[in-house]
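Close look at the chain arrangement
Letter by letter, the chains look like this.
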Amino acid sequence: MKILIVDDFSTMRRIIKNLLRDLGFTNTDEADDGNTALPMLKSGKYDFLVTDWNMPGMSGFDLLKAVRADEQLKDLPILMVTAEAKRDQIIAAAQAGVNGYVVKPFTAATLKEKIEKIFERIH
Amino acid sequence: MSDSKHNQRGLDPEVTEKLEQQTSELAKSVETGDYAQAMSIINDLSEVRDQSLYREVGRLTRSLHEAIRNFQIDPRNAEQKEALSKMSDASDRLNYVVEMTNQAANRTMDLVEESMPLAHTMRDEAIELRDEWQRLRRREMAPAEFRELYGRIDKFFVSLTADSDVLYRSLSEILLAQDFQDLTGQVIQKVTGLVKEVEENLLSLVVMASHVDQLTGTVHEIEEKEESAEKGLGPQMKANERDDVVSGQDDVDDLLSSLGF
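Predicted model, so just to flag it, every value in this text is computed and none were measured. Residue positions are counted from 1 within each chain, in the order its sequence is given. The lettering of chains begins at A and the numbering of ligands begins at 1, in the order of writing. The predicted nature of this model means local features are confined to residues of pLDDT at least 70 and side-chain atom pairs, given and counted, to a pLDDT of 80 or more, with totals for whole chains, interfaces and linings taken over all residues.

1. Let's talk about the confidence of the model for chain A
With 99% of its residues at a pLDDT of 70 or more, chain A has an overall mean of 93. As a per-residue measure, pLDDT tells how confident the predictor is, with possible values from 0 to 100. Only DSSP runs of H or I covering at least 4 residues are called helices, and only runs of E covering at least 2 are called strands; the numbering of each starts at the N terminus. Element-level pLDDT for chain A is lowest in helix H5 (residues 108-122) of chain A, with a mean of 89, against a maximum mean of 97 in strand E3 (residues 48-51) of chain A.

Now the structure itself:
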């Protein structure tokens with residue numbers, strides 16, 4: 001299971017990386033915005049994407065849409081972990097095809113629950 | 001009546017007095033047919049207006065300057081004093097906050113990442129020893145195994161003492177790493193104060209500008225600029241009091257399941 005973590009703050013990437021490791025996912029890479037993440041996704045054979053929304057350059061929402069629009073990537077499971085809390089945004093993300101939505105600040109239990117739920121649905 | 005009162009606001013009494021005096025002189029000159037005199041009074045009048053505007057702009061500029069100059073922080077030691085003296089503006093100071101919080105977060109995570117394997121090892125060894133100990137109590141243990149268990153327990157006590165010392169030191173270092181809050185708190189409070197002062201001064205500037213617009217009859221077309229929800233808006237304030245914002249993960253889950261996700 002190879003996971004890409006996308007967030008503009010290195011501390012948040014590190015927190016998520018640590019939590020994922022505790023859940024048994026040790027194969028993770030990091031990117032700091034959509035522009036860096038997209039080429040990595042295209043060449044890297046990732047199984048799962050965890051992304052923030054608000055980032056300089058390409059936002060997580062644009063990344064979500066770009067992944068869904070890409071023939072090769074369109075089925076990649078995506079979990080959004082973000083401080084974006086407007087109802088309209090959550091609805092927009094759901095309509096754009098996000099698989100899970102976690103609002104910051106979040107707990108390890110929430111992250112675990114959402115990830116498990118996503119994999120349950122896929123398998 | 002209320003209109004004329006509104007117009008007087010923001011003008012010096014000195015200016016309004018001059019205005020009144022010159023208006024009556026103007027009326028008199030027009031009445032007596034002295035148009036040259038009337039024109040020169042009109043010139044004077046516009047000069048008075050210009051001067052009062054300049055004076056107001058000057059006053060606002062001075063108070064803005066003052067606000068920025070008063071923007072200082074009490075450093076605790078020489079090092080902080082040097083760091084703070086290098087920062088001349090608010091954005092430098094806020095960058096300093098980002099840097100300090102970043103440092104503290106990384107220091108804390110370093111220590112946590114060092115401590116976690118220790119805690120793991122302690123737990124794993126304790127579980128094994130507990131199981132062995134229970135076998136002993138159930139008298140299921142051969143004498144040779146029993147001697148080995150003795151040795152393991154001895155070793156466990158030694159490593160437990162050393163590892164818990166390391167854990168304790170890490171925890172107290174994590175505690176110390178939180179000291180950024182004191183200085184960043186100060187910086188943020190000062191920046192908040194500055195923003196407030198600038199905001200107030202800008203507000204008077206806007207009021208004055210609208211006054212000028214009124215005098216000159218200027219109408220502006222202002223385009224409403226909306227934040228882009230697609231780019232991201234960042235954390236929302238006072239989420240509990242708003243309907244358009246979720247106030248936690250439960251809200252998100254409810255919203256998504258109401259949509260059938």
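2. Quick look at the UniProt feature "modified residue: 4-aspartylphosphate" (unreviewed entry) in chain A
All names here are of chain A. Under the local residue numbering, the UniProt record ascribes the feature "modified residue: 4-aspartylphosphate" (unreviewed entry) to Asp52. Secondary-structure assignment places Asp52 in the loop between E3 and helix H3 (60-69). Once C-beta atoms are placed from the backbone, any two residues with those atoms within 7 Å are in contact. The contacts of Asp52, once residues within four sequence positions are left out, are Val6, Asp7, Asp8, Met12, Gly60, Val81 and Thr82. UniProt positions are given in the numbering used here, feature names are shortened, and annotations may be inferred rather than shown by experiment.

3. Comments concerning the UniProt feature "site: Enhances dephosphorylation of CheY-P" (unreviewed entry) in chain B
Residue and element names in this part refer to chain B. As annotated in UniProt, the feature "site: Enhances dephosphorylation of CheY-P" (unreviewed entry) corresponds to Gln186 in the numbering used here. Its location among the elements puts Gln186 in helix H7 (residues 180-216). To assign burial, the other C-beta atoms lying within 10 Å of each residue's own C-beta are counted, with C-beta atoms placed from the backbone; 20 or more indicates buried, 12 or fewer indicates exposed, and intermediate counts indicate partly exposed. Taking the C-beta count within 10 Å as the criterion, Gln186 has 18 such neighbours and is therefore assigned partly exposed.

4. Things to note about the sheet that holds E3(A)
All names here are of chain A. Only strands joined by at least two bridges in the DSSP assignment are considered to pair. Pairing in this open sheet of 5 strands is parallel, and the strands run E2-E1-E3-E4-E5 from one edge to the other. Unpaired on one side and paired on the other, strand E2 (27-31) and strand E5 (100-103) mark the two borders of the sheet. Across this sheet, the average inter-strand angle for adjacent strands is 20°, counted without regard to direction. Note: strand E1 (residues 2-6) against E3, 4 bridges, orientation parallel. What sits directly across from Ile3, in E3, is Phe48. Axis definition: a line fitted to C-alpha atoms, limited for helices to the stretch in contact. Angles are taken between N-to-C directions and run from 0 to 180 degrees. In the packing of H3 onto the sheet, the strands contacted are E1, E3 and strand E4 (78-82), and the crossing angle to E4 comes to about 175°.

5. What to know about the pairing of E1(A)
Within a regular strand, side chains alternate between the sheet's two faces. All names here are of chain A. Counting buried positions over the 5 residues of E1 gives 4, a clear majority of the element. Of the strand pairs in this sheet, E1 and E2 are connected by 5 bridges, and their pairing is parallel. Directly across from Ile5, in E2, lies its bridge partner Glu30. If you view a crossover with the strands going away from you and the path from the first strand over the helix to the second runs clockwise, you call it right-handed. Handedness of the crossover joining E1 and E2 through helix H1 (residues 10-22) is recorded here as right-handed.

6. With respect to the interface of chain B and chain A
Contacts between the two partners involve 23 residues from chain B and, on the opposite side, 21 residues from chain A. If you list the elements that add at least two residues to the side of chain B that touches chain A, you get helix H5 (90-137) and helix H8 (249-258) of chain B. Throughout, the ten residues Ala, Val, Leu, Ile, Met, Phe, Trp, Tyr, Cys and Pro are labelled nonpolar, Asp, Glu, Lys and Arg are labelled charged, and all others, Gly among them, are labelled polar. Looking at the side of chain B that touches chain A residue by residue, the class counts come to 13 nonpolar, 7 polar and 3 charged.

7. Regarding the confidence of the model for chain B
All names here are of chain B. Across chain B, the average pLDDT comes to 82, with 83% of residues at or above 70. Ranking the elements of chain B by mean pLDDT puts helix H1 (residues 2-8) last with 45 and helix H6 (residues 143-177) first with 93. Confidence drops under pLDDT 50 across residues 1-8; counting only partners more than four residues distant or on other chains, this segment forms 2 contacts. At the level of chain-chain contacts, confidence expressed as ipTM amounts to 0.84, with global pTM at 0.70.

8. Here's the deal with the environment of B:Leu255
Secondary-structure assignment places B:Leu255 in helix H8. With near-sequence residues (within four places) excluded, B:Leu255 lies in contact with A:Arg87, A:Ile90 and B:Val246.

9. Some remarks on the pairing of E3(A)
All names here are of chain A. Burial along E3 is two-sided: Phe48 and Val50 facing one way and Leu49 and Thr51 facing the other are all buried. Direction of pairing for E3 relative to E4: parallel, over a ladder of 3 bridges. Across the sheet, residue Val50 finds its bridge partner in E4, namely Leu79. What joins E3 to E4 is H3, and the crossover it makes is right-handed.

10. Details of the packing of helix H2 (residues 34-44) of chain A against H3(A)
Residues and elements named next belong to chain A. Remark: H2 packs on H3, axes separated minimally by 9 Å, with the N-to-C direction vectors making an angle of 25°. The orientation of H2 relative to H3 falls into the category roughly parallel. Handedness of the crossing formed by H2 with H3: right-handed. Here Gly34, Ala37, Leu38 and Leu41 of H2 lie close against H3, whose contacting residues are Gly60, Asp62, Leu63, Ala66 and Val67. Among the residues making up the contact of H2 with H3, the classes are represented as 6 nonpolar, 2 polar and 1 charged. Comment on the angle field: the value is read as roughly parallel under 35 degrees, roughly antiparallel over 145, roughly perpendicular from 65 to 115, and oblique elsewhere. By convention, the crossing between two helices is left-handed when the near helix turns anticlockwise from the far helix through less than a right angle, and right-handed when the turn is clockwise.

11. Details of unusual backbone geometry
Residue and element names in this part refer to chain A. Backbone torsion omega between Lys104 and Pro105 reads -5°, so that peptide bond is classified as cis. As for its position among the elements, Pro105 is in the loop between E5 and H5. Phi at Lys45 is positive, roughly 55°, even though this residue is not glycine. With respect to the secondary-structure elements, Lys45 resides in the loop between H2 and E3.

12. Quick notes on H1(A)
Three- or four-residue spacings in an α-helix give side chains the same orientation, since the helix completes a turn every 3.6 residues. Residue and element names in this part refer to chain A. Helices are assigned an expected span. That span is 1.5 Å times one less than the residue count. Taking 1.5 Å per residue, 13 residues should reach 18 Å; H1 reaches 18 Å between its end C-alpha atoms and fits that length. Buried within H1 we find Arg13, Ile15, Ile16, Lys17, Leu19 and Leu20. Phi for Gly24, located one or two positions after H1, is positive at around 100°.

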